[in-house]
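Coordinate analysis (summary)
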Amino acid sequence: MFVSKAAVVGGGTMGGEIAQAIAAADIPVVVKDIDQKFVDAALEKARAVTEGQLAGQVKKERITQEQADARLVEVMGNITGTTSYAEFADVDFVIEAVPEKMEIKQAVFREIDECTPGHAILSSNTSSLSITEMGEATLRADKVVGFHFFYPASIMPLVEVIVGEDTSQETATAAYNFAQAIKKQPIVCGEVPGFVVNRILMATMGEIWRAQEEKGLSLKAIDAAIAEAKLAPMGPFFLQDLLGLDTVFHVAEHLNHSYGDAFYVHEGLRGLVGEGKLGMKSGGEGFFKDGEQTIPGDAEPDAQELIDMFSSRALIEACLLVEEGISSVRDIDLGMMTGAGLDPRKGLLPPFWKADVEGLDKMLAKIEALEEKYGERFVAPTTLRRLVAQGRLGLATGQGFYAYPQPDEGEQPEKVKLETRGPVAIAWLANAPMNAVHPQVIADLATIWEKVKADEAIRAMVIASSVPIVFSAGADIKAFTTMDPAGGKELLDSAHALFREFEAGDVATIAAVNAIAYGGGCEMAMACDFRIAAEAAVFGQPEIKLGIIPGFGGTQRLPRLVGENKALEMNLTGDAILSEEALEIGLVNRVVPDHELFETALMWAGKLAEQAPIALGQIKAVSHKGDLDEGIEAEKGGFVAAFSSEDAKEGVSAFLGKRTPKWSGK
């Protein structure tokens, strides 16, 4: 499913910001509301956001003012405002953004079901309501999905793609790709009240609220303790004033009704909302006014206990989301990074990553102590207990919710690290932050491979990522642009020779794909004998979007794995596929829970290392049907031809400039 025209139902600030994100990606979008004043407000907001973004680029001297003015006209030209459904006859993707009341949403879904093409996907920007119930109001429940932006949508990168009971895999994948097309970071989750980010945030906030009211604590002191501990980008009460207390209260009430007293609602918040004191939305008065708190409380908190309660509830709810099958470890952490501002570069770690760094045994001890004091709100999750029982304690032991390198002693290459465990070697990709396939990565991986081949005791090698949230996002485009033709040819030749050895040698090779595997990363994984994927893994060959073609075997290995038709689709559309589909089409051998990926890959490697080396090598050699070398040579020629084209220059330039390319066919 492809999106060439979109629509937003519901104007105002949020509708305008969503429409702007779509229009800025050069996709035409219609904004519809029942009242022209809300349509106008959406258009004004879209214009203001675009002007602000372009002014920032002018200030940084990335574009001229004249170019900014022209771009403003282009973006706003992509947006149409209307009070009718007349423009909906040819839309492909609709985002409903009306008030958070199920009866209103169902009424809107009935209307858009009647006026849109049968192939169109109907989505909701709900923050907590049931996607399944909305789908029941239509005749296409399989094409109804949640598409939850975070405020402000023009800044916040996260979109939660929420799968209802009837949502098809194709719909979820299309929504995921559409989110990426409009430059947002999607995560996929199931349908529960609060979904991922709001459920975790409200669980932690409930503990802060409860402590503040029961003990009469100072809001300023609480905010300082949480911010100084780097549990959040800013103090929680100050943040709520920024977001709008009515929005926070609505979500809190819904989760309290859904989950009970474990999700506490602050009575002071209830009173402020009742008085129309909503924070920045209402002139600045909320929990604070002119820098002073407006509700009772001046006692100093036990900062360490607040920190322990906050981080423990975050980890508990995150684990429960995994245990309930709602989302994956990596998607939950990524959601908290992009939706709650937990930026690891600033020392702000999301729940699973933070627990690994602190030590899972220490987190378990904290939670058990809190359970003894406060009861069932702090019951330790099964997953946490299991990992601790296994001795998987996090960063210190090399495995927790994620796997971490414990390289062998001695000199190591820069971009890939070698770890050996008996007959199994692990080649850790270590080119943070995105493990881009840089020429040095290929060189270092070749160095590791030579060591593996030279050690007769090693019979299997796992390629894994040392970055918890990505396997490899693809080739390092900047590095490619600096290479001369001779250097480019040398890189292609060496990479192909290395990858051919992975699949033709007598050492078994396994790719443990934890997350994004795009372009060169996907091709690296395909060169291995087996691919074990985490639930959060995403695969794709997006080179065509840069005006080039796959250069490391994607046109040859992909058809051999998934069939010619599906391979052609993936290579020509450049769209991503999720792990479930990757398993169905044969791109991967197994899909496992994120936190079990590395263990599973090691288990496979151990089994393969037990096999007769000569027989294993011969089976590998004769199992590759067809003349792959001839195909590789053809691919290399095609890659050189494509990479030297004007379209490639335009594609790379657009990629680096974060804009939409304009092809010339030259």
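Residues numbered from 1 in each chain as written. Predicted model: local features only at pLDDT ≥ 70, side-chain atom pairs only at ≥ 80, totals over all residues. Heavy atoms only, no water.

Turning to unusual backbone geometry, a few remarks are in order. Note that the residue after Tyr 151, namely Pro 152, is joined by a cis bond; omega there is -5°. Tracing the backbone shows Pro 152 in the loop between strand E6 (144–149) and strand E7 (158–162). (Helix = DSSP H or I, 4+ residues; strand = E, 2+ residues; numbered from the N terminus.)

A few words on the pattern of salt bridges. Throughout the structure, instances matching the rule amount to 47 salt bridges. For Asp 26, the salt bridge goes to Arg 71, with nearest N and O atoms at 2.9 Å. Here the residue Asp 26 occupies a position in the loop between helix H1 (12–24) and strand E2 (29–32), and Arg 71 occupies one in helix H3 (residues 65–77), the gap between them amounting to 45 residues. (Salt bridge = Lys/Arg side-chain N within 4 Å of Asp/Glu carboxyl O.)

Of the two faces of strand E4 (residues 93–96), the one holding Phe 93 and Ile 95 and the one holding Val 94 and Glu 96 are both buried throughout. By the bridge criterion, 4 bridges tie strand E1 (residues 6–9) to E4 in an arrangement that is parallel. Opposite Ala 6, over in E4, you have Phe 93 as the bridge partner. One ladder, built from 4 bridges, connects E4 with strand E5 (residues 121–124); its direction is parallel. When the bridges of E5 are listed, Val 94 appears paired with Leu 122. (Buried < 20%, exposed > 50% of the residue type's maximum accessible area, 1.4 Å probe, protein only. Pairing = 2+ DSSP bridges.)

Within the secondary structure layout, Gln 541 lies in the loop between strand E18 (538–540) and helix H21 (557–562). Within the structure, Gln 541 has its side chain in polar contact with the side chain of Glu 543 (distance 3.1 Å). If we skip the residues at most four places from it in the chain, Gln 541 touches Gly 519, Cys 522, Glu 523, Met 526, Pro 550, Leu 558, Met 570, Asn 571 and Gly 574. (Polar contact = N/O pair within 3.5 Å; in protein donor to acceptor, adjacent residues only side chain to side chain. Contact = heavy atoms within 4.5 Å.)

In this structure, Phe 88, Ile 112, Leu 315, Phe 352 and Phe 401 are the most contacted members of the largest nonpolar core, which totals 72 residues. It is helix H12 (residues 303–323) that contributes the most residues to this core, 8 residues altogether. Residues Ile 463, Phe 502, Val 588 and Phe 639 belong to the second largest nonpolar core, which totals 51 residues. (Core = buried A, V, L, I, M, F, W, Y, C linked by side-chain atoms within 4.5 Å.)

On to helix H7 (residues 197–215). Here H7 spans 27 Å end to end across 19 residues, near enough to the 27 Å set by a 1.5 Å rise per residue. Across the 19 residues that make up H7, a large majority, 15, are buried. Of the residues one or two after H7, Gly 216 is the one with positive phi, at around 60°. (Expected span 1.5 Å × (residues − 1).)

Quick look at a negative patch on the surface now. Taken together, the side chains of Glu 133, Glu 136, Asp 142, Glu 165, Asp 166 and Glu 170 make up a negatively charged region of the molecular surface. Examined against the element boundaries, Glu 136 turns out to sit in the loop between helix H5 (131–135) and E6. A relative accessible area of 57% means that Glu 136 is categorised as exposed. (Patch = residues over 30% accessible without salt bridge, like charges linked within 9 Å, V, L, I, M, F, W, Y side chains within 5 Å. Areas by Shrake-Rupley, 256 points an atom, 1.4 Å probe, with all protein chains shown as cover. Lys, Arg positive; Asp, Glu negative; His and termini not counted. Charge placed at Lys NZ, Arg CZ, Asp CG, Glu CD.)

Our focus in this paragraph is a nonpolar patch on the surface. Nonpolar side chains collect at one region of the surface, where Phe 238, Leu 242 and Met 280 lie side by side and expose about 260 Å² of accessible area between them. One can find Phe 238 in helix H9 (residues 236–243).

Attention now goes to the sheet that holds strand E19 (residues 577–578). The strands that make up a sheet are held in pairs by hydrogen bonds between backbone atoms, and each pair lies either parallel or antiparallel. Read across the open sheet, the 4 strands follow the order E14-E16-E18-E19; overall the sheet is mixed. The outermost strands of the open sheet, each flanked by one partner alone, are strand E14 (470–472) and E19. Examined bridge by bridge, E18 and E19 share 2 bridges and lie antiparallel to one another. Looking at the pairing, Phe 539 lines up with Ile 577 of E19.

Quick look at the packing of H12 against helix H15 (residues 360–374) now. As a packed pair, H12 and H15 sit with axes 10 Å apart at the nearest point and diverge in direction by 105°. By the angle class used here, H12 and H15 are roughly perpendicular. The segment H12 lies against H15, with Glu 305, Asp 308, Met 309, Ser 311, Ser 312, Leu 315 and Ile 316 engaging Met 363, Lys 366, Ile 367, Leu 370, Lys 373 and Tyr 374. Along the lines of polarity and charge, the residues of the contact of H12 with H15 split into 7 nonpolar, 2 polar and 4 charged. (Axes fitted to C-alpha atoms, helices over the stretch in contact; angles between N-to-C directions. Parallel < 35°, antiparallel > 145°, perpendicular 65-115°, else oblique. Nonpolar A, V, L, I, M, F, W, Y, C, P; charged D, E, K, R; others polar.)

One open sheet holds the 6 strands; their spatial order is E11-E12-E13-E15-E17-E20, and the pairing between them is mixed. Strands at the two margins of the open sheet, each flanked by one partner only, are strand E11 (416–421) and strand E20 (590–592). Averaged over neighbouring strand pairs, the angle between their axes works out to 20° when direction is ignored. Where strand E12 (residues 424–429) meets strand E13 (residues 460–465), 6 bridges bridge the pair, whose relative direction is parallel. Residue pairing in the sheet places Ile 426 in a bridge with Val 462 of E13. Contacts from helix H24 (residues 597–609) reach E11, E12, E13, strand E15 (508–513), strand E17 (530–534) and E20 within the one sheet, and its direction differs from that of E15 by about 175°.

Function-wise, these values are silent; they only describe arrangement.
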